[in-house]
Each structure stands twice: as C-alpha cells, then as structure tokens.
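Residue strings, one per chain:
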Amino acid sequence: MIIKILGSGCSNCAKLASHAQDAVDMLNLEATIKKVTDMQEIMAYNILRTPAMVVDEKVLFSGQVLSAEKIAELLKNRS
Amino acid sequence: MQFIKDFFSLLNDVLLKMTWLQNLVDMLLTKVFGINEDTYLFGSLSFFIYDVIKIFILLSVLIYMASYIQSYFTPEKTKRVLTKFKGIKGNIIGALLGTVTPFCSCSSIPIFIGFTKAGLPIGVTFSFLISSPLVDLASVILLASIFNWTVALAYVLVGLVIAVIGGTLIDKLKMERHVESFVIEAKHSSGPIEEVIEVKQTKKERHLYAFEQVKEIFSRVWIYVLIGVGIGAIIHGYIPEDFIQKILGDKNPFSVVIATIVGIPMYADIFGTLPIAEALVYKGVGIGTVLAFMMAVTALSLPSIILLKKVVKPRLLLTFVGIVTIGILITGFLFNAFSGLLI
C-alpha cells in the first residue's frame, strides 16, 4: 500500500502525515507514506484543498486533518 | 419597536462590547490594585486586560460558530455551484461564497487550479480568492464589537464589491493567457473530471471540526492578539492624540496611502490588527485609514502572493495586486469621507 500525503508544506500537512503514520501502525499495515509537495504532482489528483491523502493512487479525502482513528477506519473500510 | 431596538442594543453591549467586562476590569484596577484612574498606566492596563479577554472570548466563540457553519460550504460544493453561473453573476456568487468558505492560504493554489480545470473563468476564481481573506465571518462580528454594525456591514459590502469588480476586470482584460501554462495544460489533458468522494460529516464531526479549528487558529493567532493589544494599549494610554493626528489623522490626505503601503507587506492575523485599529480610531484617526490598513494586511499577504506566483505569470499577479490595492485605497477615502455617517 502506498500512501501519499499531498500538501505544500504547511503545518496541517505535517500533522496529517503523522496521523497517517499512527493509523498505519495501529492497523499494522504494510504501507509506505510519501509526502508530496510538488504542485504539478499534487494537481494530477484533482483536489481542491490541501492536505489530502491518496491511497494506492486514489484520493481518500482532502482538505481535512483527520485523526489517526478516523484514518484507520477509512483504511479498514476500503479493503 | 423601541423595545426591540433596546433589546438588540443590550445584546450588543453584553455580548460584543462587553461593557460589563470593562467595568469589572476598571473596578479591579482601582479597588484591588489601587491605580489612579487618571494615569496613563491605568488607561493602558485597563485597555490591555479588557481587550485581551474580550478578543479571546469572542475569537473562540466566533470561530467555533463560523467553522461549524463553514463545514457546510466546502470548496468542492462551491465549485459545483459556480459552474452553473455565467458572467458577472458568477463573480458575485464567487465573492459571496468566498466569504463563507473556509480555507487556509496554502489551499489557494489547489483551489485556483481546481476551479480553472472545472472551466470557471479566472475572474470568478479571483473574485473568490479576493473576498475570502478580506471578508470573514468571525472578523466581521469582531469589527461590529469594536466599532458598530454599520461599519461592519459597510466593510462587508465594500469587500464584496472589490472582489466582484476585481474579478470582472481580470476577465475583461483577458488575462487568461497570463495563467501559467501547466494549469491550462492540465485543464485540457484531464479526462472527465472524477468527482472526489466527499467524506460526509455527521453533526458530531462538525462540532469536532469546529473545536479543532478553534484550537488551531487560537494557537496560530494568540501571539498576534497579544502584540496587537499591547500596541493598542500603548497607543491608548501613552501616545498623545496630536502626535497621532499629525501623522495619521484624517486631515492628512496621505494617511490612507501610508496605511495601505504599510499594511501590504505585513502578515499578521486580522484579530491582531483590530485592537490597534480600535486604539487609533479612539485617538482620532479616520476610520477609513484604519480599515485600509486592516484590509491591506489581510487581503494581500506575502505568503499567498508567493503561492499565487507559482500559478500565474507576473503580469496577472501585478494586475491582481494592483486592483486590490486601488480598491483598498478607494475604500479608505470613501470611509473617511463618510465617517460622520458611520460612527
């Protein structure tokens, strides 16, 4: 599983990345988390707000810094 | 009728002006700390304590309520609504939605690109981007608490007009060619736009979001509030009126220009500028001068201009800055000229 955190580097993006890491640890998932700050790459995903979370090339959510628990719930539900 | 007026007047005094708080603070300073009411120290301390508490309370409550309401107005919904309007109506709706849609300046690029990809004219996007930082639910109410509702509503109206005219002008001047090429390419290359799944929020999640917003904004802003109130307190207590009048008083036609020029490169939160504005008006500075300063600080911030520079070419960026600046200057002159009617 490849998780990408899209954001141009403000504090919200960093928070989301750390919540994502917590969620992955909680569920014991085999996942790598990448922080994407390049605008052109971010643009390719059609989102309007940063930060956003992309899992295996599909946007899970955007514009919110969800808690680790909520992220874990979403990750569980998609599989 | 009079009863209703009195009722609202009372609500205004209790909730927004918090006259009870001012009296409490003054009583504390004189009775408990024994400070003489006529001293500069009293003037400054009283202003500082009262204003810090008042702003912190209002900030928390207003941001909570505004964020809760704003959780219903996502940029995604805004984009969908805006695609249905043509011409100047698009600019007007864009400006209106800009005031209620929450977003931090780091989102201005994704929003700009997203709106453009959806086919919205860049003028509409700019109307949105201009009104968003300029007119914000919480700060309008704070303005009403410090000055009065006439000023607050006039500020909203003028902000919206600047946003609509600015956006329309940018469209009329055919500035699309000044958008960075990769944005246009993205527009043409993407296939049918997949609607990003919006995570629907429950009421409980909205409350949680509002609470998180209060925490986050508070932690970002408290230092600006303290500094702002501190400066306001010093102005209030120690700096003599005629000194301020000489530099910024509304007899000085350049005061609006100075206020705007000083404000543009500054980056502080609007909550920090309000107490300074309050103190200056108290010392006789024209309300237009003060509003121009506040608008310059909020509408044109260095971070968002740096971000915008990545998606628009210099010509368009300058046009944007130019239009907003002229709008602010006109606002300043207008408010100064009509200040008799407003305050």
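The shown structure was predicted, so the numbers you read here are calculated from the model rather than taken from an experiment.

Thresholds, definitions, all that
Residues numbered from 1 in each chain as written. Chains lettered and ligands numbered in written order. Predicted model: local features only at pLDDT ≥ 70, side-chain atom pairs only at ≥ 80, totals over all residues. Heavy atoms only, no water. Contact = heavy atoms within 4.5 Å. Buried area = accessible area lost by both parts, 1.4 Å probe. Salt bridge = Lys/Arg side-chain N within 4 Å of Asp/Glu carboxyl O. Polar contact = N/O pair within 3.5 Å; in protein donor to acceptor, adjacent residues only side chain to side chain. Helix = DSSP H or I, 4+ residues; strand = E, 2+ residues; numbered from the N terminus. Buried < 20%, exposed > 50% of the residue type's maximum accessible area, 1.4 Å probe, protein only. Axes fitted to C-alpha atoms, helices over the stretch in contact; angles between N-to-C directions. Parallel < 35°, antiparallel > 145°, perpendicular 65-115°, else oblique. Left-handed = near helix turned anticlockwise from the far one by under 90°. Nonpolar A, V, L, I, M, F, W, Y, C, P; charged D, E, K, R; others polar. Patch = residues over 30% accessible without salt bridge, like charges linked within 9 Å, V, L, I, M, F, W, Y side chains within 5 Å. Areas by Shrake-Rupley, 256 points an atom, 1.4 Å probe, with all protein chains shown as cover. Core = buried A, V, L, I, M, F, W, Y, C linked by side-chain atoms within 4.5 Å. Pairing = 2+ DSSP bridges.

Trainee: What exactly am I supposed to notice about the interface of chain B and chain A here?
Mentor: On the side of chain A, 20 residues touch chain B, which itself brings 23 residues to the contact. Summing both partners gives a buried area of about 2,000 Å² for chain B against chain A, and 59% of it is carried by carbon and sulfur. Across the contact surface, chain B and chain A share 1 salt bridge. The interface formed by chain B and chain A contains 2 residue pairs in polar contact (both at pLDDT 80 or more). Listing elements by their share of the side of chain B that touches chain A, those giving two or more residues are helix 4 (75-82), helix 6 (108-117), helix 10 (181-189) and helix 11 (203-237) of chain B. Of all the elements, helix 6 of chain B adds the most residues to the side of chain B that touches chain A, at 7 residues.

Trainee: What exactly am I supposed to notice about the pattern of salt bridges here?
Mentor: A pair can form between side chains of opposite charge whenever their charged atoms are brought close. This model, assessed by the stated rule, comprises 4 salt bridges over all chains. Put simply, Lys 70 of chain A and Glu 205 of chain B hold a salt bridge, and the shortest N to O gap is 2.5 Å. In this pair, Lys 70 of chain A sits in helix 3 (residues 68-78) while Glu 205 of chain B sits in helix 11, so the two residues belong to two different chains. Judged by its relative accessible area of 21%, Glu 205 of chain B is partly exposed.

Trainee: Looking at this model, I keep getting lost on unusual backbone geometry. Mind explaining?
Mentor: All names here are of chain A. For Asn 28, which is not glycine, the phi dihedral falls at a positive 60 degrees. Although it is not a glycine, Glu 57 sits at a positive phi angle of roughly 70 degrees. Position of Glu 57 among the secondary structure elements: in the loop between strand 3 (52-55) and strand 4 (58-62).

Trainee: Looking at this model, I keep getting lost on the packing of helix 6 of chain B against helix 7 (residues 122-134) of chain B. Mind explaining?
Mentor: Two quantities define a packed helix pair, namely the angle between the axes and the distance from one axis to the other. All names here are of chain B. Helix 7 packs onto helix 6 with a crossing angle of 150 degrees between their chain directions and a minimal axis gap of 9 Å. Here helix 7 runs roughly antiparallel to helix 6, going by the angle between their axes. Crossing hand, helix 6 versus helix 7: right-handed. Between helix 6, through Ser 108, Ile 111, Phe 112, Phe 115 and Thr 116, and helix 7, the contact on the second element is made entirely by Ile 122, Thr 125, Phe 126, Phe 128 and Leu 129. Grouping the constituent residues of the contact of helix 6 with helix 7 by class yields 7 nonpolar, 3 polar and no charged.

Trainee: Got a minute to help me understand a nonpolar patch on the surface in this structure?
Mentor: All names here are of chain B. A cluster of nonpolar side chains, contributed by Met 1, Phe 3, Ile 4, Phe 7, Phe 8, Leu 10, Leu 11, Val 14, Leu 15 and Trp 20, occupies part of the molecular surface with about 1,100 Å² of accessible area. Take the nonpolar patch: its biggest share by element is 8 residues, from helix 1 (residues 2-17). Checked against the element boundaries, Phe 7 lands in helix 1. Note on Phe 7: relative accessible area 43%, which makes it partly exposed.

Trainee: Quick question: what am I supposed to make of the nonpolar core here?
Mentor: Within soluble globular proteins, side chains that are nonpolar generally end up buried alongside one another. Core analysis: the biggest nonpolar cluster contains 106 residues, and Phe 126, Phe 147 and Phe 271 of chain B have the highest contact counts within it. It is helix 9 (residues 149-172) of chain B that contributes the most residues to this core, 11 residues altogether. Excluding its chain neighbours within four sequence positions, the residues that come into contact with Phe 126 of chain B are Phe 112, Gly 167, Ile 170, Leu 308, Val 312, Leu 316 and Phe 320 of chain B. Judged by nonpolar contacts, the second largest core, of 16 residues, contains Ile 3, Val 55, Ala 72 and Leu 75 of chain A.

Trainee: Could you clarify how one ought to interpret the pairing of strand 4 of chain A in this entry?
Mentor: In summary, the side chains of a regular strand alternate between the two faces of the sheet. Of all 5 residues that make up strand 4 of chain A, 4 are buried, and the element is covered over most of its length. The turn linking strand 3 of chain A back onto strand 4 of chain A is made up of 2 residues, and Asp 56 of chain A within it adopts a positive phi angle of 50 degrees.

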